[in-house]
Amino acid sequence: MKIKSIRLEQVAGFMSQYPKDRLDEIAFVGRSNVGKSSFINSFLGRKSLAKTSSKPGKTRTINFYNINEKFRLVDLPGYGFAKVSKKEKEKWARLINEYLSTRENLKEIFLLVDIRHQPTDLDKQMYDYIIESGFTGFVIATKYDKIGKSKLHNNLKIIQDKLQIEDEGLIFAYSSETKHNKDVLWEQVQVILDN
């Protein structure tokens, strides 16, 4: 896919702030420390479109990125790790659940996990929610450049087993540094949009 234009179209803290039109949306969700903002910047070929931070939990809103005026990539708040109050975490959870359960524009959800670690119970809950909601169950295993190639198969198998993914073809190892699997993921996005 050739990207001609990208813009941060909307930052939403409430449902009333979602864009009102019917453009298709593909959402990305994951733990606070999984490297979601780095992934989005790398995937879209922009250095600082999504704000990155050494402190997890930078994304506290739903960010709608308009691509080519044709569809949106949606960055959901991270869950689980960020050092914020219980009240703030509950607010983020509400925000995520509200979007995922009500947004008619939503075509697909990708779950991001860290390839170096076994998925957490929260990751499993999110994956189950994605499957139960009728989505495919794509997983992006970030930080691929942080492990040796010899560990790739084993680490992907751990992710597959923990999340109980039947088809290993649904898991994509990704590196924001080397952009490993970027083209493959864009092909998958195109397939989703064409269906």
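Everything that follows concerns the structure shown earlier in this document.
Treat the numbers as computed from the prediction; the structure is a model and nothing was measured.

A. View of the sheet that holds strand S5 (residues 106-114). Ordered by their spatial adjacency, 7 strands build an open sheet running S1-S3-S4-S2-S5-S6-S7, and the pairing between neighbours is mixed. The strands lining the two open edges of the sheet, one partner per strand, are strand S1 (6-12) and strand S7 (171-173). Between one strand axis and the next, the sheet turns through 25 degrees on average, direction left out of account. Looking at chain direction, S1 and strand S3 (residues 62-67) are connected through 6 bridges and run antiparallel. Paired with valine 11 across the bridge in S3 is asparagine 63. Packed onto the sheet, helix H4 (residues 152-163) meets S5, strand S6 (138-142) and S7 and runs at close to 145 degrees relative to S7.

B. Layout of the environment of isoleucine 3. Along the chain, isoleucine 3 turns up in the segment before S1. Separated by 61 residues in sequence, isoleucine 3 and phenylalanine 64 have C-alpha atoms that sit 16 Å apart. Apart from residues lying up to four places away in sequence, isoleucine 3 is in contact with Leu44, Ile67, Asn68 and Trp186.

C. The packing of helix H1 (residues 36-44) against helix H5 (residues 182-194), seen in detail. Orientation of H1 relative to H5, taken along the N-to-C sense of each, is 85 degrees, at an axis distance of 10 Å. It follows from the interaxial angle that H1 and H5 lie roughly perpendicular. Contacts between H1 and H5 involve Phe39, Ser42, Phe43 and Leu44 on the former and, on the latter, Lys182, Leu185, Trp186 and Val189. Its residues assigned to classes, the contact of H1 with H5 comprises 6 nonpolar, 1 polar and 1 charged.

D. Broad picture of a positive patch on the surface. A cluster of like positive charges, contributed by Arg60, Lys87, Lys91 and Arg94, occupies part of the molecular surface. Tracing the chain through its elements places arginine 60 in the loop between H1 and S3.

E. Seen up close, unusual backbone geometry. Its identity is not glycine, yet asparagine 68 carries a phi of approximately 55 degrees, on the positive side. Its location among the elements puts asparagine 68 in the loop between S3 and strand S4 (71-75). On the basis of relative accessible area, asparagine 68 is assigned to the buried category, the value being 18%. Even without glycine at this site, glutamate 69 takes up a positive phi of about 60 degrees. Relative to the helices and strands, glutamate 69 resides in the loop between S3 and S4. Residue glutamate 69 is classed as partly exposed on the basis of its relative accessible area of 44%.

Cut-off values and rules
- Residues numbered from 1 in each chain as written.
- Predicted model: local features only at pLDDT ≥ 70, side-chain atom pairs only at ≥ 80, totals over all residues.
- Heavy atoms only, no water.
- Pairing = 2+ DSSP bridges.
- Helix = DSSP H or I, 4+ residues; strand = E, 2+ residues; numbered from the N terminus.
- Axes fitted to C-alpha atoms, helices over the stretch in contact; angles between N-to-C directions.
- Contact = heavy atoms within 4.5 Å.
- Parallel < 35°, antiparallel > 145°, perpendicular 65-115°, else oblique.
- Nonpolar A, V, L, I, M, F, W, Y, C, P; charged D, E, K, R; others polar.
- Patch = residues over 30% accessible without salt bridge, like charges linked within 9 Å, V, L, I, M, F, W, Y side chains within 5 Å.
- Areas by Shrake-Rupley, 256 points an atom, 1.4 Å probe, with all protein chains shown as cover.
- Salt bridge = Lys/Arg side-chain N within 4 Å of Asp/Glu carboxyl O.
- Lys, Arg positive; Asp, Glu negative; His and termini not counted.
- Charge placed at Lys NZ, Arg CZ, Asp CG, Glu CD.
- Buried < 20%, exposed > 50% of the residue type's maximum accessible area, 1.4 Å probe, protein only.

Purely geometric stuff here, so don't read any function into it on its own.
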